[in-house]
Amino acid sequence: MTERQKYLRLLSIVIEDLPTSAIDTAVRAGYEAPTTMLANVRIGRVMNLEHLVALIGFGLPEFQIPAELLPAAPARVGAALPLNL
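Here's a quick rundown of the structure. The model shown is predicted, which means the values in this text are computed figures rather than measured ones.

Moving on, we get to the packing of aromatic side chains. Taken as a whole and judged by the stated rule, the model has one aromatic pair. Taking the centre distance of 6.2 Å and the plane angle of 70° together, the rings of Y31 and F58 count as edge-to-face. Of this pair, Y31 sits in the loop between α2 (21–28) and α3 (35–43) while F58 is found in helix α4 (residues 49–59), placing the two residues 27 residues apart along the sequence. Of the residues examined, F58 reaches a relative accessible area of 30% and is grouped as partly exposed.

Written out as structure tokens, the structure is:
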């Protein structure tokens, strides 16, 4: 599943329950994103899975995000690549 598909699926699950106050809570807690970006992520205008997951954490802390909808972990720099011998 692509990050875009994960974002859309997750948003479809939480869109009715995610309060607008999640944006203010995130900003006041020091989350590094502009308020307008978070507002656009919340309504689906900007598709950013990491920001959506953060908003859910601030606005719906009891909600358990399914593992298959979490963002893919970025590859570590300097990580060994598997050898196919």
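Bringing the nonpolar core into the picture now. Ranked by internal contacts, the top residues of the largest apolar core, which has 18 residues, are Y7, L10, L18, L38, L52, L55 and I56. Elements with a contribution of two residues or more to this core: α1 (3–14), α2, α3 and α4. Residue contacts for I56: discarding those within four places in its chain leaves L10, V14, L18, P61, F63 and I65.

So, on to α2. Three or more residues of α2 are buried, namely A22, I23 and A26. End-on, the buried residues of α2 take up no more than an arc of 105°, which puts them together on one face. Contact partners of the buried residues in α2: α3 and α4. A positive backbone phi angle near 95° is found at G30, which sits one or two residues after α2.

All right, on to the packing of α1 against α4 then. Look at α1 against α4: their axes get within 9 Å of each other, and the N-to-C directions meet at 25°. Here α1 is positioned roughly parallel relative to α4, judged by the angle of their axes. By crossing handedness, the relation of α1 to α4 is classed as left-handed. For the pair α1 and α4, contact is made by E3, K6, Y7, L10, L11 and V14 and by L49, E50, L52, V53 and I56, respectively. Tallied by class, the residues present in the contact of α1 with α4 amount to eight nonpolar, no polar and three charged.

Conventions used here
Residues numbered from 1 in each chain as written. Predicted model: local features only at pLDDT ≥ 70, side-chain atom pairs only at ≥ 80, totals over all residues. Heavy atoms only, no water. Phe/Tyr/Trp six-rings, centres within 6.5 Å; stacked < 30°, edge-to-face > 60°. Helix = DSSP H or I, 4+ residues; strand = E, 2+ residues; numbered from the N terminus. Buried < 20%, exposed > 50% of the residue type's maximum accessible area, 1.4 Å probe, protein only. Core = buried A, V, L, I, M, F, W, Y, C linked by side-chain atoms within 4.5 Å. Contact = heavy atoms within 4.5 Å. Arc of directions from axis to C-beta. Axes fitted to C-alpha atoms, helices over the stretch in contact; angles between N-to-C directions. Parallel < 35°, antiparallel > 145°, perpendicular 65-115°, else oblique. Left-handed = near helix turned anticlockwise from the far one by under 90°. Nonpolar A, V, L, I, M, F, W, Y, C, P; charged D, E, K, R; others polar.

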